[in-house]
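# Geometric and topological summary
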Amino acid sequence: FTVKFDQNGLVSSAELDKPLPRLDVFFVFDTSEEMAGAKIDMLNKSLKELPISLRDIIPNANIYFSVLKYGGSPEWIVNEASPGQMLIGWKDLEAGGTLKSNQALAMLLERLQAYSLTKLYDYMPVIILVNANKAEEVDGNVLEQLRKVVWFKHALKIGFAVGDDSDLKMLS
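Parameters at a glance
Residues numbered from 1 in each chain as written. Predicted model: local features only at pLDDT ≥ 70, side-chain atom pairs only at ≥ 80, totals over all residues. Heavy atoms only, no water. Helix = DSSP H or I, 4+ residues; strand = E, 2+ residues; numbered from the N terminus. Buried < 20%, exposed > 50% of the residue type's maximum accessible area, 1.4 Å probe, protein only. Contact = heavy atoms within 4.5 Å. Areas by Shrake-Rupley, 256 points an atom, 1.4 Å probe, with all protein chains shown as cover. Expected span 1.5 Å × (residues − 1). Bend = angle between axes of the 7 residues up to and from the residue. Salt bridge = Lys/Arg side-chain N within 4 Å of Asp/Glu carboxyl O. Patch = residues over 30% accessible without salt bridge, like charges linked within 9 Å, V, L, I, M, F, W, Y side chains within 5 Å. Phe/Tyr/Trp six-rings, centres within 6.5 Å; stacked < 30°, edge-to-face > 60°.

### Examining the overall build of the chain
- Along the chain, the regular secondary structure elements total six helices and seven strands.
- Taken over 172 residues, the chain has a buried fraction of 41%.
- Here the contacts in the chain between residues at least 6 apart in sequence split such that 77% fall between residues at least 24 apart.
- Summing over all exposed atoms, the chain offers an accessible surface of approximately 9900 Å²; the carbon and sulfur share of this is 54%.

Put into structure tokens, the structure is as follows:
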């Protein structure tokens, strides 16, 4: 709470100090064997630069990052980290395993449903999907459920196809 006084010592204005608005960025990354070599190296390099760059581009927001990798068993490897927290102890992603896009989409659905019930945001989230592989047949039920979740429906969704074998259908 901030109170401002005029030259006579009278209250001229009072304002509630508002916290910065919240912005969540969800990264969903293909780390399957198809990403080995230069592709995973490029992704790791970008991940080290992007959090700080986004903070500099959007200085008037509290940005939180969550990272879901899905080569082999999908898992959340970063949960609601600030730009600085995300870089502390960051371990480069490694490529390997087979693509598990249905499981990854189901995990994203679960997370967004939970957020829809518990979080209040000033900004809708950003979802960044990177894919270098032909996905197994995507479960239409999971996609339909995802599209009904408010946080997914209104999110800024960005898809990156890496290489010639990317599944453009999954990215759209």
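### Concerning helix α1 (residues 38-57)
- Taking 1.5 Å as the rise per residue, α1 with 20 residues should run 28 Å; its terminal C-alpha atoms sit 27 Å apart, in good agreement.
- Where α1 bends most, the angle comes to about 35 degrees, and this point is Leu-50, followed within four residues by the proline Pro-51.
- By the burial criterion, the buried members of α1 are Ile-40, Leu-43, Asn-44, Leu-47, Pro-51 and Leu-54.
- At its buried positions, α1 is contacted by β3 (22-29), β4 (62-69), α2 (83-87) and β6 (126-131).

### Re the pattern of salt bridges
- A full pass over the atoms with the stated rule returns seven salt bridges.
- Lys-148 serves as the salt-bridge partner of Glu-144, at 3.4 Å between the closest nitrogen and oxygen. Here Lys-148 and Glu-144 lie together in helix α4 (residues 140-148), a separation of four residues that amounts to about one turn.
- Owing to a relative accessible area of 56%, Lys-148 belongs among the exposed residues under this scheme.
- Connected via shared salt-bridge partners are Arg-22, Asp-24 and Glu-80.

### What about a nonpolar patch on the surface?
- On the surface, a nonpolar cluster with roughly 270 Å² of combined accessible area is contributed by Leu-156, Ile-158 and Phe-160.
- The residue Leu-156 is located in strand β7 (residues 156-161) in this model.
- Taking relative accessible area as the criterion, Leu-156 reaches 49% and is therefore assigned partly exposed.

### Description of the packing of aromatic side chains
- If you walk through the whole model with that rule in mind, you get three aromatic pairs.
- Both rings, one in Phe-26 and one in Trp-76, keep their centres 6.2 Å apart while their planes meet at 70 degrees; by these two values the pair is edge-to-face. On the criterion of sequence distance, the pair formed by Phe-26 in strand β3 and Trp-76 in strand β5 (residues 75-81) is long-range, its members being 50 residues apart. Across the pair, Trp-76 and Phe-26 agree in class, each one buried.
- Residues Phe-27 and Phe-29 carry aromatic rings whose centres are separated by 5.3 Å and whose planes lie at 20 degrees to one another, so their mutual orientation is stacked. A single burial state applies to Phe-27 and to Phe-29, both of which are buried.

### Topic: the environment of Asn-102
- With respect to the secondary-structure elements, Asn-102 resides in helix α3 (residues 101-118).
- Asn-102 gets classed as buried once you look at its relative accessible area, which sits at 19%.

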